[in-house]
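# Structural description and commentary
Read off the chains here:
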Amino acid sequence: MPQSARHNHAYGRDGLTGTQDVHALLDSFARYYESDVFVVVADLDDFHNVNATLGVDKGDAMLRAVGQTIVGQFGDAHTFHYGSDEFAIVTSFESERELLDELEHLNANISTLGLPGSRNSLGLRCSFGYAHGRMERASDLHDAIRLADRQMFEAKRLGKGCAVGAPMREHRSKAKDASTTYKVYESDRLTGLANITYFHGHFLAQANTIARPTVVFFNVQNFKGYNENFGYGAGDELLVGIARAIAHAFPDCLTARYNADQFVVCASNDDVIDGIRSVRHAFRSNIKDSSIWLKAGVYEVEDLSLDSSLCCDRAKLACDTIKGRRDVYFRVYDEELKLQIAMRHYVLDHFEEAMENGYIKVYYQPIVHVATGEVCDEEALTRWDDPERGLIYPEQFIPVLEEARLIHRLDLYMVRRSCENMRRRLRRGTVKDVPAVSVNLSRLDFELCDIVTEIEKILVYYDVPRSYVSIEVTESALTGNQEFLKAEIDRFRADGFEVWMDDFGSGYSSLNLLQEYSFDLIKLDMGFLRSFEKNNTARILLANVINLVKELGIKTLVEGVETEEHLQFLKSLGCGKAQGYYFARPQSLQMVMRSIATGTYPPIEPVKERDFFSKLARINLMRPVPTADINGHYVTSDVPAAILMRQGGKWTYLNATDVYREFWRKIDGRTLEDNVSRYNTENSEERARLEGALSAALVSRSWEGMVFFIDGRPCSIRIKVIANDPQFDSTALLAIVS
């Protein structure tokens, strides 16, 4: 037992874990004055997976259990909840070896912890960083905590469950090298710049002495990742380098470290742009990690009576708007940004009201089967029709709700309204009049709630079958915690939902995502068709992507169809579904029902035909053997292939490759329309041959051949039944010229 664990005094409490909190930790110096102590920071390895897989409530229960385990071993007076899944321990030992033995024993105890009522342990472990030395002044405890924190990240780099420490004397020798022109209580110890308290206190005096005073806010993006990859020591060196660059670029200006990896400057507007460029150049010259960027926001002070905090906030807001953008490194707070911020506040202030009063509405855009032109699905799209602001576009409010972590409320509202409308439509008419609906989910939905269970509850409440609802997840959402998202998508599919990947091709990791996740349908981004008429590359890309996706046994849907040429091209590729203004624009339910009643809406596919056409959508006309099992490597082939359907005794072509069309044109100049006309002519030789081959194929369930003599030349065509539904007298054939 550590010597100092005998003393056990109560300090400020953390409500989550029951241990002392970080404020008690920072105020505990008096207990350790002129003592040799070890300051330990313990971080639970991969604890985010506990929250992700078991839920936040169970994660909190485990944190409490870990906290009490540490208290049981080191004593309440020496145990603190440091933040998130981290704890701090301040205690004394005779030797470093004794500490390491205790930490190993602690990990053994933590690894046995499990959820209440469960006999299974979760196998949790901690990584430890520690600093040891004599506490001679108040700042020593703060420095020791920081050093231990830094060492903890070094431990994580070595592997889970490791412990890494360092003596305080090394840290003190480095600290002596940092000079400052400010008094101790006015300066930032690490960088030598003024602290933010000094900045606010001297802001007005500085602003009054310069022309057009302007605040510049600097922020390092992905600094946390830099610390995790290279360690806190490297992170500190980076911050010191940025501070030096700022001081050099803005001499005689008021400069300060704002917080963590953020800095502020008060300078004349005339010097701002050149100063930002100088700092950025120094930053890029000294940094080797391209994943972190330095961004800047600029606010020209309009009124010197404004509080300095407000001026910094506006510069920071300008900086925040360019997060993630590689093409922009600074942004000025201007009228446009002012309006965006006003809109952001309006959205957050009126979001609940908009849902309660029905200002947020469901609009529907039809999705059709390429082969038939019939509506097989409708995408539910959100529109905010505000009585005060008019139409608020999705791009104006969806990012705001995502940033505020409210997006799950909008998405569940849209599912609820969609199912409510679905139930109303099912009651109003026959089942065949109602297409399935696809609903869009954000990545945050999976983090903020149990989205699978919540959607299931809604469907049960409105008595809507799962086959009537498809789940759309955007490609960009499928980054980060892949194992968790894969599990959630698999839950949806196991429960009877189709899951679609939306906007495929708009990001950078599409091919990996096809390998990692299981989807029923891939929705190809409309960007593939934007340059369709002018750029043959778009046609090549689209053809090969459809071929690739179908090779994986996944259905395809192309967005952005606006012309007859687009549609015919998709038919030649055997694309399954399409969506775009060519068929209809998004419209409210009332407008959809009116269009159906007046016959201006595309025809709706009967529900009983869904499985039939779903089978056809998986046939890949671009394969050498379109119906063969996918058990090897295939490449795109110029196959003269087509899909014909016989329904109610009448033949139609659903899809046909360009090569197939060209074949008939070369034989005797006929078009497919001429060809199918002969198949539908009573007592014609072509009809007799096709009907005979169909009968044989239905019996053999294999390929059957037909030989046509055109101008004395024999022409062989093989056919195979790929879908058959006697209930509505429909059969589909794959025809290949050989």
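What follows concerns helix 22 (residues 564-573). Among the 10 residues in helix 22, 7 count as buried, and that is most of the element. Burial in helix 22 covers these residues: His566, Leu567, Phe569, Leu570, Lys571, Ser572 and Leu573.

Attention shifts here to the pattern of salt bridges. What the rule picks out here adds up to 37 salt bridges. The closest approach of N and O atoms between Glu352 and Arg409, which form a salt bridge, is 2.9 Å. You can see Glu352 sitting in helix 13 (residues 335-356) and its partner Arg409 sitting in helix 15 (residues 407-428), a full 57 residues away along the chain. A residue is classified by how much of its surface remains accessible, and Glu352, at 32% relative accessible area, is partly exposed. With a closest N to O distance of 3.7 Å, Glu483 and Lys486 form a salt bridge. Highlighted residues: Glu483 and Lys486, both in helix 18 (residues 482-494), separated by 3 residues, approximately one helical turn. Judged by relative accessible area, Glu483 falls into the exposed class, the value being 56%.

With that settled, consider helix 17 (residues 451-462). Between its first and last C-alpha atoms helix 17 spans 17 Å; for 12 residues at 1.5 Å apiece the expected length is 16 Å, and the two agree. Among all positions in helix 17, only Ile451, Val452, Ile455, Glu456, Ile458, Leu459 and Tyr462 are buried. In an axial view of helix 17, the angular spread of the buried residues amounts to 160 degrees, which keeps them on one side of the axis. Turned more than 90 degrees off the buried face of helix 17, the exposed positions are Lys457, Val460 and Tyr461. At its buried positions, helix 17 is contacted by helix 15, strand 15 (436-441), helix 16 (443-448), strand 16 (469-474) and helix 18. In the segment just after helix 17, Asp463 is the residue with positive phi, at about 55 degrees.

Here we take up unusual backbone geometry. In the Ramachandran plot, Asp46 falls in the positive-phi region, its phi being about 55 degrees despite a non-glycine side chain. Looking at where Asp46 falls in the secondary structure, it is placed in the loop between strand 1 (36-44) and helix 3 (47-54). Note on Asp46: relative accessible area 31%, which makes it partly exposed. Of note in this structure, Arg405 is not a glycine but carries a positive phi near 60 degrees.

Our next topic: the pairing of strand 13 (residues 375-386). Summarising burial for strand 13: 10 of the 12 residues are buried, a large majority. Two strands pair when backbone bridges link them, and strand 12 (residues 360-369) and strand 13 are joined in this way by 9 bridges, in the antiparallel orientation. Its bridge partner lying in strand 13, Val368 is registered against Val375. The hairpin turn running from strand 12 into strand 13, its antiparallel successor, is 5 residues long, and Gly373 in that turn takes a positive phi close to 75 degrees. With 3 bridges connecting them, strand 13 and strand 15 associate as parallel partners. Looking across to strand 15, one finds that Asp377 is bridged to Ala436. Sheet topology places strand 13 next to strand 14 (residues 390-392); 3 bridges connect them, and they run antiparallel. Pairing of Asp385 across the sheet is with Leu391, part of strand 14. Taking the residues between adjacent antiparallel strands as the criterion, strand 13 and strand 14 are bridged by 3 residues.

As a further point, take the packing of helix 13 against helix 15. The axes of two packed helices give the description: the angle between them and the distance between them. Contact pair helix 13 / helix 15: the axes reach a minimum separation of 12 Å and the direction vectors enclose 10 degrees. Judged on the interaxial angle alone, helix 15 and helix 13 are roughly parallel. Residue-level inspection shows Phe351, Glu352 and Met355 of helix 13 in contact with helix 15, the latter providing Arg409, Leu410 and Tyr413. Residue composition of the contact of helix 13 with helix 15, by class: 4 nonpolar, no polar and 2 charged.

A word on the nonpolar core. Membership of the largest hydrophobic core comes to 80 residues, with the highest contact counts inside it found for Ile451, Ile455, Val469, Ile471, Phe492, Ile522 and Leu570. With 9 residues, helix 15 is the largest single contributor of residues to this core. In terms of nonpolar packing, the next biggest core, distinct from the first, is built from 26 residues, Leu193, Val216, Ala245 and Val279 among them.

Now for the sheet that holds strand 6 (residues 194-195). Read across the open sheet, the 6 strands follow the order 6-8-9-7-10-11; overall the sheet is mixed. This sheet does not close on itself; its edge strands, each paired only once, are strand 6 and strand 11 (330-332). Relative to strand 10 (residues 293-300), strand 7 (residues 213-221) runs antiparallel, the two sharing 8 bridges. Paired with Val215 across the bridge in strand 10 is Tyr299.

What follows is about the side chain of Asn421. Tracing the chain through its elements places Asn421 in helix 15. Taking the relative accessible area as the measure of exposure, Asn421 reaches 10% and is therefore buried.

What follows concerns the environment of Glu456. With respect to the element layout, Glu456 can be found in helix 17. The class of Glu456 is buried, set by a relative accessible area of 16%. As a C-alpha pair, Glu456 and Phe497 span 41 residues in sequence and 9.9 Å in three-dimensional space. Look past the residues within four positions of Glu456 in its chain and what remains in contact with it is Arg466, Asp495 and Phe497.

We now examine the packing of aromatic side chains. Counted by the stated rule, this structure contains 20 aromatic pairs. Seen in terms of ring centroids, Phe223 and Tyr226 are 6.5 Å apart; in terms of plane orientation they differ by 15 degrees. Their pairing is stacked. With Phe223 and Tyr226 both in helix 9 (residues 223-230) and 3 residues apart, the pair spans about one turn of that helix. According to the relative accessible area criterion, Phe223 is buried, its value standing at 10%. Ring pairs connect the aromatic residues Phe38, Phe74, Phe93 and Tyr130, which therefore count as one cluster. Positioned over the ring face of Tyr364 is Arg425, at 5.8 Å from the centre of the ring.

Here is what the cut-offs are and how they apply
- Residues numbered from 1 in each chain as written.
- Predicted model: local features only at pLDDT ≥ 70, side-chain atom pairs only at ≥ 80, totals over all residues.
- Heavy atoms only, no water.
- Buried < 20%, exposed > 50% of the residue type's maximum accessible area, 1.4 Å probe, protein only.
- Helix = DSSP H or I, 4+ residues; strand = E, 2+ residues; numbered from the N terminus.
- Salt bridge = Lys/Arg side-chain N within 4 Å of Asp/Glu carboxyl O.
- Expected span 1.5 Å × (residues − 1).
- Arc of directions from axis to C-beta.
- Contact = heavy atoms within 4.5 Å.
- Pairing = 2+ DSSP bridges.
- Axes fitted to C-alpha atoms, helices over the stretch in contact; angles between N-to-C directions.
- Parallel < 35°, antiparallel > 145°, perpendicular 65-115°, else oblique.
- Nonpolar A, V, L, I, M, F, W, Y, C, P; charged D, E, K, R; others polar.
- Core = buried A, V, L, I, M, F, W, Y, C linked by side-chain atoms within 4.5 Å.
- Phe/Tyr/Trp six-rings, centres within 6.5 Å; stacked < 30°, edge-to-face > 60°.
- Lys NZ or Arg CZ within 6 Å of the ring centre and 35° of its normal.

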